[in-house]
Each structure stands twice: as C-alpha cells, then as structure tokens.
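# Structural overview for review
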Amino acid sequence: MCGLCGVLGGRGHWTETASNPDTFRSRAETHTWHRERQARTRLVNAVLRHYGLRLDDWSGNAYMLRGKTGRTALVDNLTEVWAAAEQIGRGACDPLDAALLASLSDGGPGR
Amino acid sequence: MTDYAALIPINVITGFLGSGKTSLLQRLLASPDLRDTAVLVNEFGEVGLDHQLLQHVAESTLLLENGCLCCAVRGDLQDSLRRLFSQRERGEIPPFRRVVIETSGLADPVPIAYTILAEPVIQHHFRLGNVVTTIDAVNGGRQLDAYPESVKQAAIADRLVVTKTDLDTEGRFDALERRLRQLNPSAPVIRAADGALAPERLLARDVDDADGRRRDVDDWLAAHAVPAGDRGGHDHTHGVASFCLTFDTPLDWTAFGIWMTMLQHRHGENVLRIKGLLNVAGQSAPVLINGVQHIVHPPTHLDAWPDADHRSRIVFITRGLERARIEASLAAFNRLANPVAARAPADALA
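Note that this is a predicted model, so its numbers are computed, not measured.

## Thoughts on the sheet that holds strand β3 (residues 72–75) of chain A
Residue and element names in this part refer to chain A. Pairing in this open sheet of three strands is antiparallel, and the strands run β1-β2-β3 from one edge to the other. Each of the sheet's edge strands pairs with one partner strand only, and the pair in question is β1 (53–58) and β3. Sheet twist, expressed as the average angle between the axes of neighbouring strands with direction ignored, equals 25°. With four bridges connecting them, strand β2 (residues 62–67) and β3 associate as antiparallel partners. Bridge pairing in β3 links arginine 66 to threonine 72.

## Comments concerning the nonpolar core
As a rule of thumb, soluble globular proteins bury nonpolar side chains together. Grouped together as the largest cluster of nonpolar side chains are 53 residues, with contacts concentrated most on Val47 of chain A together with Phe256 of chain B. It is helix α9 (residues 253–267) of chain B that contributes the most residues to this core, eight residues altogether. If we skip the residues at most four places from it in the chain, phenylalanine 256 of chain B touches Trp14 of chain A together with Leu251, Leu278, Ile289, Ile314 and Leu330 of chain B. Among the nonpolar cores identified, the runner-up in size contains 29 residues, and Leu81, Phe96, Ile112 and Ala113 of chain B belong to it.

## Observations concerning the interface of chain A and chain B
Taken together, the contacts link 45 residues of chain A with 55 residues of chain B. Across the chain A/chain B interface, buried area totals approximately 4000 Å², and carbon plus sulfur atoms make up 67% of it. One salt bridge in this structure joins arginine 266 of chain B and glutamate 86 of chain A, with 2.9 Å as the shortest N-O distance. Where chain A packs against chain B, one counts 14 residue pairs in polar contact (both at pLDDT 80 or more). Within the residue set of the side of chain A that touches chain B, elements represented by two or more residues are α1 (33–48), α2 (78–88) and α3 (98–106) of chain A. In terms of residue count, α1 of chain A provides more of the side of chain A that touches chain B than any other element does, six residues in total. Across the side of chain A that touches chain B, the residue classes break down as 26 nonpolar, twelve polar and seven charged.

Cut-offs and rules
Residues numbered from 1 in each chain as written. Chains lettered and ligands numbered in written order. Predicted model: local features only at pLDDT ≥ 70, side-chain atom pairs only at ≥ 80, totals over all residues. Heavy atoms only, no water. Pairing = 2+ DSSP bridges. Helix = DSSP H or I, 4+ residues; strand = E, 2+ residues; numbered from the N terminus. Axes fitted to C-alpha atoms, helices over the stretch in contact; angles between N-to-C directions. Core = buried A, V, L, I, M, F, W, Y, C linked by side-chain atoms within 4.5 Å. Buried < 20%, exposed > 50% of the residue type's maximum accessible area, 1.4 Å probe, protein only. Contact = heavy atoms within 4.5 Å. Buried area = accessible area lost by both parts, 1.4 Å probe. Salt bridge = Lys/Arg side-chain N within 4 Å of Asp/Glu carboxyl O. Polar contact = N/O pair within 3.5 Å; in protein donor to acceptor, adjacent residues only side chain to side chain. Nonpolar A, V, L, I, M, F, W, Y, C, P; charged D, E, K, R; others polar.

Keep in mind that these numbers describe shape and distance, not what the molecule does.
What follows is the structure in structure tokens.
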C-alpha cells in the first residue's frame, strides 16, 4: 500500500465527490453516494477485466477485489485497488499499456 | 467535516544549496502580513533568522513498508508539526496562522508534501500551501544540468523565485527564465531583486483561496497561450519535459479518477506534476486538480470559467513519459464512461 489513506479515518479519497462536496456543487444532476460507487465499480471492472480481476462493493464501506483463482483483497479506495490488483493479478497494471487500451476499445463497461 | 480552506496553510520554501532560501524567508518575515507565521527550518544557515516562532527540525525519513520514496512520512516533520499545534492549542506559543518550512538544499520536497496531506493527525489541522522554489541566477543553470534534485525542486514549484539577479553580470537570467518556463510552465517566475517581494503573491494566493486560485489559473492559462516555440521549445533536462493536453469532450470524473490513480500508481515517480482545469461532465463550474508524483491535493473549483474556452486543459511535467501515450490513454479511459460522444483529444496548446 502506498499511503496512509483510510487509517484513523482520514479525509476521504480525492476521487470521491463526497470528500469535497463544495467542489462538485454545480452538478446538474443529484449523484447519490451509492450511485457514484456503482458507477465507479462498473467502470473499474472494465479495466480490471483485462487482468482477469473483478471488483465488488463490499457493504458500502470497502471494495472486494477478486482474482480468478479465488484470491481476494479488501481495499478502501481507487489508489489501493491498483496495488492489490498487481499482487493478486498478472503483473503490472499500466494505463499506458497498448494492449490494455486495445482491450478497453473492444470491451467497454457494459459487459 | 472541517472546511479545507480554513485549515492552517503550510508553505514550503525549497531550493538548491546556496540559492538564497533563508534570505528570501528573512525578507518575507519582515512583512507585517506574515507576523503570525511559525517557521520550521531544516538547517541553520549563515544568514541568521530572527523570528519568535522559529524551530529547528532534524532530517529523518520513515520509509513506509512497500512504499516509494515520495510516499515517505518525514518523521521529524510529523513530530514538529504535531508539537507545534499542541503548543498553540495550549497557549504556550502565539496562535500562528501560517507555517513556513524551509528545507535543506538537497531535500526532496515531495515527502514533506506527502506528510502534510496524508498524515492522519496533521491533515486535520493543516493544509499544503504554495511550494516556493529559489533558483540562483548565476549558478541555477549549471545546477539544473548537474543535479536531478534541482530539476525536481523547480518542477514541483508553485512559485519560482530567481535570486541573485544583481550578481548576474553575464546576463544569464533570460536563458534561465526561458528554461524554467519550459520546465514548469504553470509556475510564475519572479525576480527576488524586484523591489518588495509581495508575500501575498508568493504565499497567500494559493489553490485553496478562491480569489488566489482564479488568478493562479489566469496566470497559467496565459503561460500556455504562448506557443511552445516561443517558450524555447522542449526542455529535456534529465528527461523532464512539460506539455499541456487539451480535451474538447467533457471528462467523466469517475473515469478520470480511475485513470489518474492508475497512472500515479504505475508511473508516479515520473509524473512530477499534474495541474489541470477540467470540464467535468454534468457540472457547470470547472474543477481544478493538482498532483505531485503519488500525491493529489483535494480537488477545488472555480465559480465560473475564466473565459469562453471551456475545454479541459491539463499540464503534465513528466520524466521519460511520452505525451502521445498519456493523451491516448486518458482519451481511452474517458470513452469508457461515454463511448459514443468521446473523441480523441484536440490538438494541445503546448
């Protein structure tokens, strides 16, 4: 893990709009916390599929990352997803990797 | 939740050995605006600081298990800031409203930023303000050539202060200024010798102050309006290059967060700086993001767009990472959220 995020109830991860409500107050639609977690899980799974991994919301207060062999890890936020994904998946999770980008173009989040 | 802007700001003054950090600090502390400032210094230099709230910090770094160097908590700083806050709360020292940390000349400022933003106790009382980097007009160019530490100090700065311009008899300033603008186009370059240094511009006008961030954005958008060629082309000091990506299509905040956390996880050591004005899908006001290596400031916003151009603009300062790969990658992640509307990024300004 590359950080202390979450330990002793930190400020909340920067990607979560609830951590900085003032920043996102000009949104046209109301985004509930639950809906945001659903959208995050759906999109991150479109990326994780390339590595044979899957993320599920875990009771609304963490995420469960699963590999095909049954290995699991509980993570609190997106930053922790990538470190855990490299531990239980197949090597480096690189957003600049051409093979990943090609698989994102083929798939998309719908599946 | 505590109002983030109401936390006590901490400014970091960094710069290479002998680049005039203490002299700059001495001048700033003479200003009545900075009367209620506590100062932490890493080393006592030749220039004496006479300030009632001055404490010395010995340098020690606690490297986290499995952590990278930039995500190290500076144990000395952690102790000093906690102690300072405790003394303030107990009324043992005056109730300071700002802290300035002067680093040692070879220090990496990123662990200091990490300590302020991520340490569980400190993040509830303090926030990171501007990082000010001093560069010597006479020796600065040579130091950028020879020392990667010097390049990193300049790359992560919010304000670049060129010192000793009065000793610059060979006219090195112009070339140095061009080079600094290439290296870190989002930071204003200020001459220390130009009359009174405005503490407000250097320290108070920061990303967490509503007026400050609006003017700050004006400054760096103006810097990017200058074609790259006029800023002197691309600088490749130690493989470090800066560029600005522009996106016509609004960015999906969730997809952007997934992309940026993944980029920082895999390439954080080589992403020295990300600073951006984002058009977030479904939101009328622009969102400002500000990241250093593996660290991200809490995102802020402007109340309105500064002009008619509502495209997302993101400045990257990277080491050895190609612009085209970053551009294609962010566009591909954004298409995940909006597969029909998203298109390839527009031509960048830099």
